[in-house]
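# Descriptive structure summary
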Amino acid sequence: MSKLNKSVSLLMAASVLAPASQALASSESEHSAIVAAVQQSSKVSGTISDTMGAVIGASVVEKGTTNGTITDFDGKFSLDVPKGATLVISYVGYVSKEIKYDGQATLNITLEEDVKKLDEVVVTALGLKRSEKALGYAVTEVKGDELAAANTVSPVAALQGKVAGVEIAQSDGGLFGATKIQIRGASTLNGNNQPIYVIDGVILDNNVSGNKDLNWGENATDYGNELKNLNPDDFATVSVLKGAAASALYGSRGLNGAIVITTKSGKGHKGIGVTVSQTFGWDHAFKTADIQTKYGPGTFTGSSDADGDGNRWNPFQFQVNAAGQNTLIGASGRGFGPRYDGSMIEGYDGKMIAYSPLKDNMLDMYQTGFNSNTNVAVRGGNDKTSFYSSISYKHATSATPNNTFDRYSFLVKASHKLNDRIEVNASVNFANSTPKNAARNLGEKFVTGTYNPLYDAKYYRNRYLGDHGGLASTTYGDVYGNVPGKSYWFAIDNYEYTQKETVVRPTLDVTVDILDWLKFKADANMNYYYNRGDNKELGSGYANEGGYYGVWQNTKEQTTFGGTFSVNKQLKDFSLGGFARFEYYTTRQNNYKVETSEGMVVPGQWFVDNSKNPKKSEASIAGSKRMLSAIFAINAGWKNQLFLDVTGRNDWSSSLVYSNGFGNYSYFYPSVSGSWLINETFAMPTWVSLAKVRGSWAQVGSDTDPFYVNQAYGFKIIELPNGENIFTNSLGKTMKSSNLKPERKNAWEVGIDFRTFKNRLNLDATFYKENTKNQIMEISVPWVSGIDTQLINAGNIQNQGVEIALNTIPYQNKDWEWALDFTWTKNVSKIVSLHPDAAEYIELSGQVNAYDYRIGSVAKQGGYLRYVDE
């Protein structure tokens, strides 16, 4: 039995306080009383075990009744039953057994594992549970407990190394900075190639966040995205849908794949259970970039006569002061100066220090970070009603000072059967998080020379102020006016950026069993994201002159309503299933911001009216978008050997509707996939658990942002010298195509799934090829045209590669197991073609033509990006 099943057994045995009823209710019928008197109950005891020992939490029930119990920590049970009764023994992952009780005092029962049942069902697109063997595309499911154990702020980071074909990179945002995830490489040139996240049917946008310019200085802005508000302790399963066939049912929003999260519930549990978990972690910076410690501060040879001897070509000249002493004051931050020799030299504050490098002095800029997570969950149920609720608190401090994160989350789910045919499910998820002071770009200051190996971080940590209270400056004769990088510590101690995020996700669905083979489900969900904060910057000038204060708020409301008819029918050797679904999705965003201008009148008084100049404000209602969808799927199987799936989705998107009411706003995406279970067709060795080949072809795509395709006038104010204003219109510098099409991806894949030795040695391999065309993007045009860019459909990006996953369990016994998994991925992303009007390249991001040491990225026909992840 797997480690997971063992842990679940322990949880059930420890948490179930009220087992199933142990006696039949007395009847008022005299006949029943006589029968009960004749059939006297007797106590039967026994032990339930498997090949590795006791089975904890196995169910023992008298057939046809509610009289039952479960096994204890030693696999033992005791039950009162009449002679001649049949006992049904069952447990998840095992073949159920029926034992007739003939009066034996003790029963010793051994359960056999049901290998096929252990991984029978996985969660796929739209939350559908499908038999894994029937899928014709690659899906990797990770148990939620594996992600919770990582104790990361964002659950995305915990997927690292667990799924082949998935590339994960952490931003420089530190503790809660955005985690970038790509599935099978970059598909588009529009900036966001990340998959959507779907939690209990609610789609979350995994937006790109953070700083795009490397010159971002003290005011860091990477506060991550919505994913940091998820509580991994609530996750039951996480399914990674990698190919287009797997995510095609999500239509316009599934271009880059999907990660489907299902939270825990109380279904399948009797009585009440309580689970408490507590995790701790420490973060310690132990390695930094390698910085040369052979040559000290100084500029390029020939560019300066630092020592004033008339020879600027001396490669070992020191900077000297008025007294002729070697000094660091005024020396260049670049590392082209004299060799370190241990001689005495004037430090930044005028004191003499040794001219010797402090190796790894960057580490002194960091502290030990700490994180903890406390989670309490209560679940329970009976034959009709079940529930699950949890409350969680996470606290984390970063390795960079004053960078903290706090999150409170709450989830309650309930399910109730109104009768034999109608079931109602509802849930509400609430989270409130407070990320403070995003991490600043410290490493760059060491690489570019702001800090050098002579900078003593411990000594200068609190030596950055002048006597007047502001930042030390040579203008006022402050002692520490020449200390480099002092503004970093001033910002750490005197700037406070507080962001508060509130997320509410209610869901409701009603399922009606119309016939044994026909169901109807009506569902609705909402994602309400409320983000507000304030930024406080104490003035760094003389006596804290200057300063800044701003408050802001952003809200987003997303609602989805759907209705689904589903069928499931067995016709002799054929199994037929599928569904037809209609869906309505709408989203709306608004934001406002109020801030001071040109400094504050009274330093440290945080209100916007404390502004030297009239306060500034801005507000907008944006992101309004609607989408109608019609979806269908047909699933067929033959003799549990051959499986075929056909799906289709048509979206009608408001973001591709032009102001005249026309546009390519209706588009259809199909998919076909199939699989063959070779081990079901041919007799194979007993050590082969599964031998499967699969293949799929699909199309999927994406639209664009709301209001993006329409050309419109802006509002402009021209201020005249006499103080009067002229109100006029402005026209954007982007010419937009009048016939934009949605982006479209064509993809196919083939793969094998080979499992042996009761799933202890498994190999999964996939080869895929994807081409994404009609990319919606801007290209530069000659400035003499009167515009800067043109919005068009352009480009064909091709991704092809191989994914291999090897899952092994080298050791396993009744108490624990050791699992060892390997993944290997090779993906090649190539730009096959661009638009004919494009120049040599299309600028994407960064500083392509910068004069200094910055970098940028461009798209060039024939260019490619190759990555190998092991």
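Read on for an overview of the structure. (Residues numbered from 1 in each chain as written. Predicted model: local features only at pLDDT ≥ 70, side-chain atom pairs only at ≥ 80, totals over all residues. Heavy atoms only, no water.)

### Things to note about the overall build of the chain
Using the following cut-off: Secondary structure elements are defined from DSSP: runs of H or I of at least 4 residues count as helices, runs of E of at least 2 residues count as strands, and each element is numbered from the N terminus. In this scheme, a residue with accessible area under 20% of its type's maximum is buried, one over 50% is exposed, and one in between is partly exposed, where area comes from a 1.4 Å probe on protein chains only. Any two residues whose heavy atoms approach within 4.5 Å are treated as being in contact. Computed with the Shrake-Rupley method and a 1.4 Å probe, the accessible areas treat only the protein chains shown as cover for residues.
Tallying secondary structure elements over the chain gives 9 helices and 42 strands in all. Expressed as a percentage of its 870 residues, the buried residues of the chain come to 45%. For the chain, contacts bridging at least 24 residues in sequence account for 65% of all contacts bridging at least 6. Taken as a whole, the chain presents about 42,400 Å² of accessible surface, with 55% of it coming from carbon and sulfur.

### Considering the sheet that holds strand β4 (residues 68-70)
Consider a sheet: its strands pair through backbone hydrogen bonds, and that pairing is either parallel or antiparallel. Worth spelling out the cut-off: The rule for pairing is simple: two strands pair if DSSP sees at least two bridges between them. Helix axes use the C-alpha atoms of the stretch in contact, all axes being lines fitted to C-alpha atoms, and the angles between their N-to-C directions lie in the range 0 to 180 degrees.
With antiparallel pairing, 4 strands are arranged side by side in an open sheet as β4-β3-β6-β7. Looking at which strands have only one partner, the edges of the open sheet turn out to be β4 and β7 (97-100). Each neighbouring strand pair of the sheet contributes to a mean axis angle of 20 degrees, computed without reference to strand direction. Sheet topology places strand β3 (residues 59-62) next to strand β6 (residues 86-90); 4 bridges connect them, and they run antiparallel. Note on β6: the bridge partner recorded for Val 60 is Ile 89.

### Remarks on the sheet that holds strand β15 (residues 202-204)
The 5 strands are arranged β11-β16-β17-β14-β15 in an open sheet whose pairing can be described as mixed. With one partner strand each, in any of the chains shown, β11 (139-143) and β15 form the two edges of the open sheet. Each strand axis lies, on average, 20 degrees off the axis of its neighbour in the sheet, ignoring direction. In terms of strand pairing, strand β14 (residues 196-199) meets strand β17 (residues 258-263) through 4 bridges, oriented parallel. Across the sheet, the residue bridging to Ile 196 is Ala 258, located in β17.

### Quick look at the pattern of salt bridges
Our working rule: Throughout this description, the term salt bridge denotes a Lys or Arg side-chain nitrogen within 4 Å of a carboxyl oxygen of Asp or Glu.
Going through the model one piece at a time under the given rule, you end up with 27 salt bridges. Asp 609 is the salt-bridge partner of Lys 615, the closest N and O atoms lying 2.9 Å from each other. Its salt-bridge partner being Arg 694, residue Asp 764 comes within 2.9 Å of it at the nearest N-O pair. Placement of Asp 764 in strand β37 (residues 761-780) and of Arg 694 in strand β32 (residues 688-702) is noted, with a sequence separation of 70 residues between them. Its relative accessible area of 7% is what places Arg 694 among the buried residues. A single network of salt bridges, built from pairs that share partners, joins Arg 184, Lys 242, Lys 745, Glu 749, Glu 770 and Glu 803.

### Observations regarding the pairing of strand β28 (residues 574-595)
For strand β27 (residues 548-571) and β28, the ladder comprises 22 bridges, and the chain directions are antiparallel. Note on β28: the bridge partner recorded for Asn 568 is Gly 577. Taking the residues that link successive antiparallel strands as the turn, the β27-β28 hairpin has 2 residues, and the phi of Lys 572 there is positive, at about 55 degrees. Sheet analysis places β28 next to strand β29 (residues 616-638), joined by 21 bridges and oriented antiparallel. If you follow Thr 586 over to β29, its bridge partner there is Arg 626.

### Quick look at the packing of aromatic side chains
Rules: Two aromatic rings, drawn from Phe, Tyr or Trp (for Trp, its six-membered ring), form a pair once their centres lie within 6.5 Å of each other, and the interplanar angle then sorts them: stacked below 30 degrees, edge-to-face above 60, tilted otherwise. Sitting over a ring, as applied to charges here, requires NZ of Lys or CZ of Arg to be within 6 Å of the ring centre and within 35 degrees of the ring normal.
By the definition in use, this model includes 24 aromatic pairs. Centroid distance Phe 300 to Phe 336: 4.7 Å. Interplanar angle 45 degrees. Geometry classified as tilted. Of the two residues, Phe 300 sits in the loop between β18 (271-283) and β19 (344-346) while Phe 336 sits in the loop between β18 and β19, which places them 36 residues apart along the sequence. Site record: aromatic cluster; members linked through ring pairs are Tyr 348, Phe 446, Tyr 451, Tyr 455, Tyr 459 and Tyr 460. Between the NZ or CZ atom of Arg 184 and the centre of the ring of Tyr 768, over which it lies, the distance is 4.4 Å. Cation over ring: Arg 463 sits above Tyr 459, and NZ or CZ is 3.9 Å from the ring centre.

### Considerations on the nonpolar core
To keep things clear, this is the line we draw: The term nonpolar core refers to a set of buried residues drawn from Ala, Val, Leu, Ile, Met, Phe, Trp, Tyr and Cys, joined through side-chain atoms within 4.5 Å.
Core analysis: the largest hydrophobic core is formed by 35 residues, its most contacted members being Phe 176, Met 365, Tyr 451, Tyr 455, Tyr 488 and Trp 489. Among the secondary structure elements, those contributing two or more residues to this core are α7 (457-460), α8 (486-494) and β25 (495-515). Of the residues forming this core, the biggest block, 5 residues, is contributed by α8. In this structure, Met 365 is in contact with Pro 401, Leu 442, Phe 446, Tyr 451, Tyr 455, Ala 457, Tyr 488 and Trp 489, ignoring residues within four places of it in sequence. In this structure, Ala 246, Leu 249, Ala 258 and Val 700 belong to the second largest nonpolar core, which totals 24 residues.

### Let's talk about the pairing of strand β13 (residues 179-183)
Counting buried positions along β13 gives 4 out of 5 residues, so the element sits mostly inside the fold. The pairing of strand β12 (residues 166-170) with β13 spans 5 bridges and is antiparallel. Note on β13: the bridge partner recorded for Glu 167 is Gln 182.

### Examining the side chain of Lys 394
Definition in use: The sign given to each residue is positive for Lys and Arg and negative for Asp and Glu; His and the chain ends receive no count.
In this fold, Lys 394 is placed in strand β22 (residues 385-397). Despite its burial, Lys 394 pairs with no opposite charge; the closest candidate is Asp 233, at 7.7 Å N-O. When neighbours within four sequence positions are excluded, Lys 394 is seen to be in contact with Asn 151, Thr 152, Val 153, Asn 371, Ser 372, Asn 373, Phe 405, Asp 406 and Arg 407.

### Side note on the environment of Asn 568
As for its position among the elements, Asn 568 is in strand β27. C-alpha separation for the pair Asn 568 and Gly 578, spaced 10 residues apart in sequence, amounts to 6.8 Å. Those residues in contact with Asn 568 that lie beyond four places of it in its chain are Trp 517, Leu 576 and Gly 577.

### A few points about the environment of Ser 78
Relative to the assigned elements, Ser 78 resides in strand β5 (residues 76-82). Taking the C-alpha atoms as reference points, Ser 78 and Gly 46, separated by 32 residues in sequence, lie 6.7 Å from one another. Setting aside anything within four residues of it in sequence, one finds Ser 78 in contact with Lys 43, Val 44, Ser 45 and Thr 69.

### Thoughts on the side chain of Ser 671
Cut-off, in case you're wondering: As used in this structure description, the phrase polar contact means that two N or O atoms lie within 3.5 Å; if the pair is within protein, one of them must be able to donate a hydrogen and the other to accept it, and residues adjacent in sequence are counted only when both atoms belong to side chains.
Locating Ser 671 in the fold gives a position in strand β31 (residues 666-677). At a separation of 2.4 Å, a polar atom in the side chain of Ser 671 contacts the side chain of Thr 647. Not counting chain neighbours up to four residues away, the residues in contact with Ser 671 comprise Ala 245, Ala 248, Asp 645, Val 646, Thr 647, Trp 697 and Ala 698.

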